[in-house]
Amino acid sequence: MSALSAVDFDPEEATYSSLLSSGAATPAQVDQMRSLRKHKNLLSISRRALLQQHYVHDVTLTRCALTCSAAAALEGLGRREEAVHLLRHRRFMEEEAYSSSDSDSDPSSPASLAHSPTDSASYDIALSKLLFKADSKPAALALTLSVCDLSASSPSSVLPADAEDAYYLAGWISIHNDDHSGAYRIWRRGAENLPSSDLLRRQNKKRLCWDSPPPSPPAPALLPGLVGATPVPTLSDLEPFSVPPSTPCPALALFDPASQNRRLAFRSPPVLTKSECAAVSAHVDSFIASERGGVWGTVRKSSVKTTDVAVEDIPVLRPWLNELLLSRLYPLIAEAYPTLADGSSTLSPDGTSRVRVHDAFIVRYDADNDKSFHLPEHSDTSAVSFTVALNDHSEFEGGGTWFEALGGEGGEGMVVDCDVGEACAFAGPMRHAGYPITKGVRLILVLFLYVEDFKYGEFVKSYMDAGFCGDCSKSGSRAVADEKSGVKPSGDKTGGYVVYRETVDLSNMLNRIEQEEENGEEEEEHTTQPKTKI
Ligand SMILES: O=C(O)CCC(=O)C(=O)O
Ligand SMILES: [Fe+2]
């Protein structure tokens, strides 16, 4: 039976229906029920529209879009194999029919209306999305790259939105494949081939900023007042924080166990002087005033509100951060994390660092004005991250970086608190949070770093696959309420976690086709039957 003619009886739905009518359904079950109904509706509408060839008379519909919509619905119903088969089959059939059709035939005939030269790329994007979700990364990457290549060699064969999606998705598949450098190469190519894409331009700009050569002569001459006279920290200057022997943590898998000895987080003495922090803060304020109309926003969109600015957006801070990285933070990482899990070090044989910036933000928590108190539990997209305190602790109460695995069995975790100029370095896959402030403003520099050619994701995955961790990277349920404030580090959301700008954009992109088609189909649906709402 083909995917389009399958009878969609689902015993699960019958169970949910009786649960709902008995009033015993949990919120999670209601959500599942909604999703089930939504995808069933979408599948039945797409199927009907395809079978009745609605696209012949309705210029807003195409066979390709309806097919992608049906595939998205099948995926939503957990029928991924059918979805993949449907897309592959339709792509092949339509391409065949199109290439063998007589070019002199009536242009209004269904055959020519049903397939346009850009449809194959649209099918490929929809397919690669499914393959990526199915964790078939090499196949997904090959398909997205083929769309990138096609858009470069024959721009009229790929819709601009599909081309942007292809480059963006290919970059993210590469990152999930532990190939950050490859991702940035793809985004660079995308930015060059699609100069109108803001998304690709931003990704590329980031890379250009953090790969730029160190300023020479160094920053003091370029930026008076911005580089202080703090010494370069060595291991004996760092205060280590160890994961207790009884506590699992996927980040342990990143380093050589003998030399690391479960020390995954470190607090350093000041890497910035007070006057340097004040100067950075003043530059941020003047940027917000002149470029953002005095209003802080969020560049790193997250599932909960965070207030931040990307360092690369403030030109005066770019050489400053490069200098800070090269002179103090990269050496600090080499001291704190001497041997990686693959036996290599973060230093190349020539002594230069292999560490690279993935993201650099200045994050502001403000208990009094925008009520941005905390950041919920999450892991970073990084091998190593930093938080560096940019203002004095007397300016706020509470705060600090909370780590679940540093607190032992009880689940209360531990807060590592930094005073102005001090840095907290930690392994990105450690589950952590911005602990709530209860008063004032806390300003920090946040850095997500990776190590070139070090496949940290692979080590985390092996650790998880080996079952060492149970579900320790998934749930925030072990967070314990703070006695005084009554707020959890995980926020008010159960299992709250932060998704970063790229991840949000990525999931928006992945869901966009589905959403657009659903909206289109809902309109269609209103004309044919009332919508079933739960
Ligand atoms: O506020 C903190 O100390 C943590 C910040 C953080 O984890 C992040 O920005 O990803
Ligand atoms: Fe973080």
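With an unreviewed UniProt entry as reference, the protein chain is termed Fe2OG dioxygenase domain-containing protein, source organism Tetraparma gracilis. According to its UniProt record, the protein chain has this under Cofactor (unreviewed entry): "L-ascorbate".

A. Spatial organisation of the packing of helix α3 (residues 63–76) against helix α4 (residues 80–100). The geometry of α3 relative to α4 is characterised by a closest axis approach of 7 Å and an angle of 165° between their N-to-C directions. With respect to their mutual orientation, α3 and α4 come out roughly antiparallel. Crossing geometry of α3 relative to α4 is assigned as left-handed. Contacts from Arg 63, Thr 67, Cys 68, Ala 70, Ala 71, Leu 74 and Glu 75 in α3 reach Arg 80, Glu 82, Ala 83, Leu 86, Leu 87, Arg 90 and Glu 94 in α4. Class assignment of the residues belonging to the contact of α3 with α4 gives a composition of 7 nonpolar, 1 polar and 6 charged.

B. Quick peek at the packing of aromatic side chains. This structure, assessed with the given rule, holds 8 aromatic pairs. With 5.3 Å between their ring centres and 90° between their planes, Phe 266 and Tyr 337 make a pair best called edge-to-face. Linking Phe 266 in strand β2 (residues 263–268) with Tyr 337 in the loop between α14 (317–336) and β4 (355–366), this pair joins segments that are 71 residues apart in sequence. Phe 266 gets classed as buried once you look at its relative accessible area, which sits at 2%. The exposure class assigned to Tyr 337 is buried, which follows from its relative accessible area of 1%. With a centroid separation of 4.9 Å and an interplanar angle of 70°, the aromatic rings of Phe 403 and Phe 426 are classed as edge-to-face.

C. Representation of the pairing of strand β10 (residues 423–427). The element β10 is extensively covered by neighbouring structure, given that 5 of its 5 residues are classed as buried. Taking every second residue as pointing to the same face, both faces of β10 are buried, with Ala 423, Ala 425 and Ala 427 on one and Cys 424 and Phe 426 on the other. Relative to β10, β2 runs antiparallel, the two being bridged by 4 bridges. Bridge pairing in β10 places Ala 265 opposite Phe 426. By the bridge criterion, 5 bridges tie strand β6 (residues 384–389) to β10 in an arrangement that is antiparallel.

Rules used in this analysis
- Residues numbered from 1 in each chain as written.
- Chains lettered and ligands numbered in written order.
- Predicted model: local features only at pLDDT ≥ 70, side-chain atom pairs only at ≥ 80, totals over all residues.
- Heavy atoms only, no water.
- UniProt positions renumbered as here; feature names shortened; annotations may be inferred.
- Axes fitted to C-alpha atoms, helices over the stretch in contact; angles between N-to-C directions.
- Helix = DSSP H or I, 4+ residues; strand = E, 2+ residues; numbered from the N terminus.
- Parallel < 35°, antiparallel > 145°, perpendicular 65-115°, else oblique.
- Left-handed = near helix turned anticlockwise from the far one by under 90°.
- Contact = heavy atoms within 4.5 Å.
- Nonpolar A, V, L, I, M, F, W, Y, C, P; charged D, E, K, R; others polar.
- Phe/Tyr/Trp six-rings, centres within 6.5 Å; stacked < 30°, edge-to-face > 60°.
- Buried < 20%, exposed > 50% of the residue type's maximum accessible area, 1.4 Å probe, protein only.
- Pairing = 2+ DSSP bridges.

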